[in-house]
Amino acid sequence: MTSSIKILEETQQKEYYNHDVYIGLEAMDSYSGIQTIKYDAGSNNSKKISYDDMKHNYQKDHVKIAAAENNQNDVKANFTMIDNTGHKSTVHKTFNIDISAPEISVSYDNNESKGNYFKHQRTATITINERNFSNKNTNVYVTKNGKKEQIKSNFITDGILRERADGSKYYTYKMNVVFSKDGEYSLDVNSTDLAENKNKGITWNGTHVQDFVIDQTTPQIKVTFDNNSVKNGKYYKADRTATIRVIEKNFKPFTVDTNGRKSSWKQNGDEHVMTVTFDKDGTYFFSEVGTWFFCIFDAAVPGATGSGPLIVRADGGKELFRRLRAVDSPFSSPLISGRTGRTWF
């Protein structure tokens, strides 16, 4: 062999680099000798040397391809030798250099909430800007009611190569995560590109973006009485206790206004219970106003004298139920009407 030319990789060879790359150059011509050497190591590192005297060998070590100046795929290193007879030999090597970390942002379609409680489902759109993206190296975690699970990374791209202000380029990848069922949720995402750059945090857009609650279930509420022994449809001679029972996971205690004797709220899982006891002669009322439940039990009795029956009704345009409640006491058959003017009994 009378001549040869080589590019040697001093940096450990791999498909993607997130740092500077160093190469070595070797050329040899044992017959006519080397006239000209020229190399380009990416951008901003090139050199041309010509020899007047006879030179048969050329070697240069530690030629730098700067990552900051060559942050792109297909960075080329070209090495050319021309011998003294005019024969030209050229070799090339290509490097993928990426020093830009994946950029992650998350936005939501539904940002209407009360605190961190959402009445309807919401969808998170995860966007990742990255040139050398890897679904395999991207992790999406959803925690529901304290249980953390990884969901399949299924990002897709429109294939358009965009450019940042610093000149680096990227593709945009997107994936939707739908939160359609009731639960306490949190979302987390991380991504490492093919050059082993890891994302540096997440840009969140919306309200209550990392931790929130979906609650689409209407609370169940029931009021029962323990004593239904009534005379003439109105009079009770024994004590009565009303039990208010609410089934609701995201329960917010509401105020019960009453002249009876009420207990505190007691909880057993999603069930919340309060009792109101009527144990003395008289006319009684109680009303309940809550975040999840709104109804009024109204004992207004226009025209009544002394103690008498307790009228249970619901306001707000819709009567939920209407009943007569009383503890036995002397009563002289008055006309008792509701607020609409209709006689109730």
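Just above sits the structure.
For clarity, every value in this text was computed on a predicted model and none was experimentally measured.

What follows is about the overall build of the protein. A count of helices and strands for the protein gives 0 helices and 29 strands. By residue count, 42% of the 345 residues in the protein fall in the buried class. Across the protein, contacts joining residues at least 24 apart in sequence account for 61% of those joining residues at least 6 apart. For the protein, the exposed surface amounts to about 19,300 Å²; the carbon and sulfur share of it is 45%.

Next up on the list: the sheet that holds strand β4 (residues 34-41). What holds strands together in a sheet is hydrogen bonding between their backbones, with the strands either parallel or antiparallel. Pairing is mixed in the open sheet, where 5 strands are placed in the order β2-β8-β7-β4-β5. The open sheet is flanked by β2 (16-17) and β5 (46-50), the only strands paired with a single partner.

Its identity as a non-glycine residue notwithstanding, Asn44 has a phi of 65°, on the positive side. Inspection of the secondary structure puts Asn44 in the loop between β4 and β5. Owing to a relative accessible area of 68%, Asn44 belongs among the exposed residues under this scheme. Located in the positive-phi region is Glu196, a residue other than glycine, with phi close to 70°. Position of Glu196 relative to the elements: it lies in the loop between β17 (183-191) and β18 (202-205). The exposure class of Glu196 is exposed, given its relative accessible area of 59%.

Counted by the stated rule, this structure contains 10 aromatic pairs. When the centroid spacing of 5.9 Å and the interplanar angle of 80° are considered together, the rings of Phe118 and Phe212 count as edge-to-face. In this pair, Phe118 sits in strand β10 (residues 117-118) while Phe212 sits in strand β19 (residues 211-214), placing the two residues 94 residues apart along the sequence. A single burial state applies to Phe118 and to Phe212, both of which are buried. Plain terms: the ring middles of Phe179 and Phe212 are 5.0 Å apart, the flat faces sit at 85° to each other, and that makes the pair edge-to-face.

With that out of the way, let us pick up the pairing of strand β7 (residues 75-83). Inspection of the sheet shows β4 paired to β7 by 7 bridges, in the antiparallel sense. What sits directly across from Thr36, in β7, is Ile82. As defined by bridge partners, β7 adjoins strand β8 (residues 88-97) across 8 bridges and the pair is classed as antiparallel. Counted as the bridge partner of Val75 is Phe95 from β8. Between β7 and the antiparallel strand that follows it, β8, lie 4 residues; Gly86 among them carries a positive phi value of about 95°.

Quick look at the sheet that holds strand β13 (residues 147-151) now. Here 5 strands make up an open sheet; going across it, the order is β10-β19-β17-β12-β13 and the pairing mixed. Each edge of the open sheet carries a strand with a single partner, namely β10 and β13. Pairing analysis gives 2 bridges linking β10 to β19, with the strands arranged parallel. By the bridge assignment for β19, Phe118 is matched with Ile214.

About the thresholds
Residues numbered from 1 in each chain as written. Predicted model: local features only at pLDDT ≥ 70, side-chain atom pairs only at ≥ 80, totals over all residues. Heavy atoms only, no water. Helix = DSSP H or I, 4+ residues; strand = E, 2+ residues; numbered from the N terminus. Buried < 20%, exposed > 50% of the residue type's maximum accessible area, 1.4 Å probe, protein only. Contact = heavy atoms within 4.5 Å. Areas by Shrake-Rupley, 256 points an atom, 1.4 Å probe, with all protein chains shown as cover. Pairing = 2+ DSSP bridges. Phe/Tyr/Trp six-rings, centres within 6.5 Å; stacked < 30°, edge-to-face > 60°.

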